[in-house]
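Residue strings, one per chain:
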Amino acid sequence: MSKEYEVMIGLEVHVELNTKTKIFCGCSTAFGGAPNTHVCPVCSGMPGSLPVLNKEVVNKAISVGLATNCHITRNSKFDRKNYFYPDNPQNYQISQLYYPICRNGHVEIEVDNPDGIDSQEMHTLWVDGETDDKCKLITDSERIEKGKALATYKKAVRIHEIHMEEDAGKLVHDAFTDETWVDFNRSGVPLIEIVSEPDMRSADEVIAYLEKLRETVQYLGASDCKLNEGSMRADVNLSIREKGSDKYGTRTESKNLNSFRAIKRCIEAEIERQIDIIEEGGKVVQETRRWDDEKGYSYPMRSKEDAQDYRYFPDPDLVPLVISQEWIDNIRDAQPELRNAKKIRYKEELGLPDYDVDQITSEKALADLFEEAVAEGADPKKTSNWLMVETQRLMKENNLDADQLKFSGTNLAKLVKLVEAKEINNAVAKEVFEKAVFMDNLDPEKYVADNNLSTKADSGQLQEVIKRAIEANPKAVEDVKNGKGKAIGAIVGFVMKEMKGKCDPAEANRLIAEELAKM
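In this report, we go over the structure that sits alongside the text. Along each chain, numbering runs from 1 in the same order as the chain's sequence is written. Two thresholds apply to this predicted model, a pLDDT of at least 70 for residue-level local features and 80 or more for giving and counting side-chain atom pairs, whereas whole-chain, interface and lining totals are computed over all residues. In computing side-chain properties, one takes all heavy atoms of the structure into account and sets aside hydrogens as well as water.

## Overview of the overall build of the chain
- Think of it this way: any DSSP run of H or I at least four residues long counts as a helix, any run of E at least two long counts as a strand, and we number them from the N terminus. From N to C terminus, the chain includes 16 helices and 18 strands.
- The classification of residues rests on relative accessible area computed with a 1.4 Å probe and restricted to protein chains. Under 20% of the type maximum is buried, over 50% is exposed, and intermediate values are partly exposed. In the chain, buried positions account for 46% of the 519 residues.
- Restricting the contact set of the chain to residue pairs at least 6 apart, pairs at least 24 apart contribute 71%.
- A total of about 26,800 Å² of accessible surface is found on the chain, and carbon and sulfur atoms cover 49% of it. Note on contacts: a residue pair is in contact if any heavy atoms of the two residues lie within 4.5 Å. Shrake-Rupley sampling with a 1.4 Å probe provides the accessible areas, and residues are treated as covered by the protein chains on show and by no other component.

Structure (structure tokens):
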């Protein structure tokens, strides 16, 4: 490669809002219904049907806008985006072009910088300040003067706008019959589209930005942001230019990206493809490309449209949306605690180490479980251990998301207390916990009692078993007397086997040592 290039990446992120009903009608938004059962004349585009705006969609859009430092547009409007496609029943989409509900925001991301990238080459904006509400945007040169070139770097990705719109239906392809069916259940499901400026310079920055958006929206309770179910979708706009140039290159838009892995691979492949075209003397074509993650390459879908191609005009069936300052203030006052604030509180008030805090706040559902368990009196550190180790293991082994776990924070607290009181040992606790993950509302105390799993053995029975264990292991007894302390493990093992695990190993060890000291 004879020249050096700079990558310019901007994203259009679509997030399905988790309202109970669609944006302009009363149909259910529930995922997974039988095809074409969540439809009505409005969302199926029947002539004469009129849309009515769902206020909860506006509330959630404002909430996301506030959390991403956006200006809320006080006088907002809806427009019609005209295009024909089989899954678009009206032949237009109701969206917002001229007056989107949120504008001019930013989110701060933190990215690993193992190679010590020269930040002077990044040509972007950075965040300076201890808290989001006090931060200001600064240039590269100012940041370098402050001595912030570290192993990880922080930067602000600017948000151009967030607008509300309706989703289209879904095309279902039958490979066996070579037919395509249309399911309109998703038609009219409320979306927000978060449009960034082209501030990202690498796949790693893109993933950091998407993770930050997903975390923020999940903590707000506005969406579950599951890429595999389509409730969060990202289109990547990417171009390259020679380093030092102030002109933008020709951009392409990549679609069909349903995982962070696919997004990262697609970006790296598209960078390489565009550089190869330019190095060979060709020109990059402005187009929309479809990424095939299995084959690891993209192919053109259609030429990339501009706004004028959609013939936008104000929707005549929807009145302008006037948002009062009181409305905005009420939503701001009701904003939940976001991850960064939660991490600080867990460290300062509960004394948890950084690693624990990062792990248990990585998903809102885990943080909710943790808080509920601690509120029920469970030890914070022991609770975090259960969430970091056993919970994460079972989630990975069974391909579960945190919000699919069956147990409650209350029952997790009961389990932690049972172990702490030595009612059960760790082996039994893991057995009970694994059952709780897959059974609704399993009460650990009741399960232990019903299955006779308590390790608090009758003292007389335990003493009798210990005597038999000592008699049955003369070699181990002799070794212990000769200073080989580890040999006591054979005697403990005998006791645990005889007691069928229903005693505490540490207690058994202590009592055996006392018995041997008498000999």
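## Notes on the pattern of salt bridges
- Every case where a carboxyl oxygen of Asp or Glu lies within 4 Å of a side-chain nitrogen of Lys or Arg is listed as a salt bridge. Evaluation of the coordinates by the stated rule reveals 41 salt bridges.
- In this structure, Arg-339 engages Glu-215 in a salt bridge whose closest nitrogen and oxygen atoms are separated by 3.3 Å. Here Glu-215 lies in helix 3 (residues 203–220) and Arg-339 lies in helix 6 (residues 339–350), a separation of 124 residues in the sequence.
- Residue classification places Arg-339 among the buried residues on the basis of a relative accessible area of 15%.
- Here Arg-345 ties to Glu-371 by a salt bridge, and the two come within 2.6 Å at their closest N and O atoms. Taken together, the residues Arg-345 in helix 6 and Glu-371 in helix 8 (residues 364–375) connect sequence positions 26 residues apart.
- On the basis of relative accessible area, Arg-345 is assigned to the partly exposed category, the value being 24%.
- Here the salt bridges share partners, and the residues they tie into one network are Glu-16, Asp-167, Arg-186 and Arg-233.

## Section: the packing of helix 3 against helix 4 (residues 260–279)
- With axes taken as lines fitted to C-alpha atoms, and helix axes fitted only over the stretch in contact, angles between N-to-C directions fall between 0 and 180 degrees. Between helix 3 and helix 4, the least distance of the axes is 9 Å, while the angle of their chain directions is 150°. When the axes of helix 3 and helix 4 are compared, the pair comes out roughly antiparallel. Every pair of crossing elements has a handedness; the one defined by helix 3 and helix 4 is right-handed. Residues Ala-203, Asp-204, Val-206, Ile-207, Leu-210, Glu-211 and Arg-214 of helix 3 form the contact with helix 4, whose participating residues are Phe-260, Ile-263, Lys-264, Ile-267 and Glu-268.
- Tallied by class, residues from the contact of helix 3 with helix 4 come to seven nonpolar, no polar and five charged. Each angle gets one of four labels, with under 35 degrees taken as roughly parallel, over 145 as roughly antiparallel, 65 to 115 as roughly perpendicular, and the rest as oblique. The sense of a crossing depends on the near helix, which, turned anticlockwise from the far helix by less than a right angle, makes the crossing left-handed and, turned clockwise, makes it right-handed. Under the convention adopted here, Pro, Cys and the residues Ala, Val, Leu, Ile, Met, Phe, Trp and Tyr are nonpolar, Asp, Glu, Lys and Arg are charged, and Gly plus all remaining residues are polar.

## A closer look at helix 1 (residues 55–67)
- What a helix is expected to span follows from its residue count: subtract one and scale by 1.5 Å. For helix 1, spanning 13 residues, the distance from its first C-alpha to its last is 19 Å, which sits close to the expected 18 Å at 1.5 Å a residue.
- Residues of helix 1 that are buried include every one of Val-57, Val-58, Asn-59, Lys-60, Ala-61, Ile-62, Ser-63, Val-64, Gly-65, Leu-66 and Ala-67, and no others.
- The N-cap of helix 1, judged by a side-chain oxygen 3.0 Å from the amide nitrogen of Glu-56 a few residues on, is Asn-54.
- The first or second residue beyond helix 1 is Asn-69, which carries a positive phi of 60°. In the analysis that follows, any N or O atom pair within 3.5 Å is treated as a polar contact, provided that within protein one partner can donate a hydrogen and the other can accept it, and provided that, for residues neighboring in sequence, both atoms belong to side chains.

## Describing a nonpolar patch on the surface
- A cluster of nonpolar side chains, Tyr-297, Tyr-299 and Met-301, forms an exposed patch at the surface whose accessible area comes to about 280 Å².
- Structurally, Tyr-297 is set in strand 16 (residues 297–303). Patches in this entry comprise residues that are over 30% relatively accessible and not in a salt bridge; like charges within 9 Å are linked, as are nonpolar side chains (Val, Leu, Ile, Met, Phe, Trp, Tyr) within 5 Å.

## Here we look at unusual backbone geometry
- At Asn-104, a position not held by glycine, the phi torsion is positive, near 55°.
- Within the fold, Asn-104 resides in strand 6 (residues 102–112).
- Even without being glycine, Arg-311 reaches a positive phi, approximately 50°.
- By the secondary structure assignment, Arg-311 is in the loop between strand 16 and strand 17 (313–314).

## Some details on the state of the cysteines
- Throughout, disulfides are identified as pairs of cysteine sulfur atoms within 2.5 Å of each other. Here the structure, examined in full by the defined rule, presents zero disulfides.
- Of the cysteine sulfurs around Cys-25, a residue in no disulfide, the closest is that of Cys-40, at 3.7 Å.
- For Cys-25, a relative accessible area of 14% puts it in the buried group.
- Between Cys-102, a cysteine without a disulfide, and Cys-70, which holds the nearest cysteine sulfur, the sulfur-to-sulfur distance is 5.2 Å.

## Points about the packing of helix 8 against helix 10 (residues 409–420)
- Contact pair helix 8 / helix 10: the axes reach a minimum separation of 7 Å and the direction vectors enclose 55°. Comparing the axis directions of helix 8 and helix 10 gives the class oblique. Between helix 8 and helix 10 lies a crossing whose hand is right-handed. Contact residues: helix 8 offers Leu-369, Glu-372 and Ala-373, while helix 10 offers Gly-409, Thr-410, Leu-412 and Ala-413.

## Structural notes on the nonpolar core
- Take the buried Ala, Val, Leu, Ile, Met, Phe, Trp, Tyr and Cys residues and link them wherever side-chain atoms come within 4.5 Å; each set so joined is a nonpolar core. Counting residues in hydrophobic clusters, the biggest one holds 71 residues, and the most contacted among them are Val-13, Ile-194, Tyr-209 and Ile-263.
- Here the element with the most residues in this core is helix 3; it accounts for nine residues.
- With residues near it in sequence (within four places) discarded, Ile-194 still touches Leu-11, Glu-12, Val-13, Val-15, Val-64, Ile-159, Glu-161, Ile-162, Tyr-209 and Leu-213.
- Within the second largest apolar cluster, 36 residues are counted, among which are Leu-387, Leu-394, Val-437 and Leu-442.

## Description of the sheet that holds strand 15 (residues 287–292)
- Only when DSSP finds a minimum of two bridges between them are two strands counted as paired. If you trace the nine strands from one edge of the open sheet to the other, you get 2-6-9-12-1-13-14-15-16, paired in mixed fashion. Edge positions in the open sheet fall to strand 2 (71–72) and strand 16, since each of these has one partner strand only.
- Relative to strand 12 (residues 190–196), strand 9 (residues 152–166) runs antiparallel, the two being bridged by seven bridges. Its bridge partner being in strand 12, Glu-166 is matched across the sheet by Pro-190.
- Relative to strand 9, helix 1 is tilted by about 160°, and along the sheet it contacts strand 2, strand 6, strand 9 and strand 12.
- Strands strand 1 (5–16), strand 13 (232–242), strand 14 (252–255), strand 15 and strand 16 of the sheet are contacted by helix 4, whose axis makes an angle of about 25° with strand 13.

## Here we look at the packing of aromatic side chains
- What counts as a ring pair is set by centres within 6.5 Å for rings of Phe, Tyr and Trp (its six-membered ring), and what kind of pair is set by the plane angle: stacked under 30 degrees, edge-to-face over 60, tilted for all other angles. Taken as a whole, this structure holds six aromatic pairs when the rule is applied.
- Here Tyr-83 and Tyr-310 contribute two aromatic rings whose centre-to-centre distance is 6.1 Å and whose plane-to-plane angle is 75°, an arrangement assigned as edge-to-face. One end of the pair, Tyr-83, is in the loop between strand 4 (79–82) and strand 5 (92–95); the other, Tyr-310, is in the loop between strand 16 and strand 17, with 227 residues separating them in the sequence.
- Of the residues examined, Tyr-83 reaches a relative accessible area of 25% and is grouped as partly exposed.
- Measuring from centroid to centroid gives 5.0 Å for Tyr-346 and Phe-370, while their planes differ by 55°, and the two rings are tilted. Of the two residues, Tyr-346 sits in helix 6 while Phe-370 sits in helix 8, which places them 24 residues apart along the sequence. Each member of the pair Tyr-346 and Phe-370 is classed as buried.
- Taken together, the ring pairs connect Tyr-83, Tyr-310 and Tyr-312 into an aromatic cluster.
- Our definition puts a charge over a ring when NZ of Lys or CZ of Arg is within 6 Å of the ring centre and also within 35 degrees of the ring normal. Positioned over the ring face of Trp-327 is Lys-55, at 5.2 Å from the centre of the ring.

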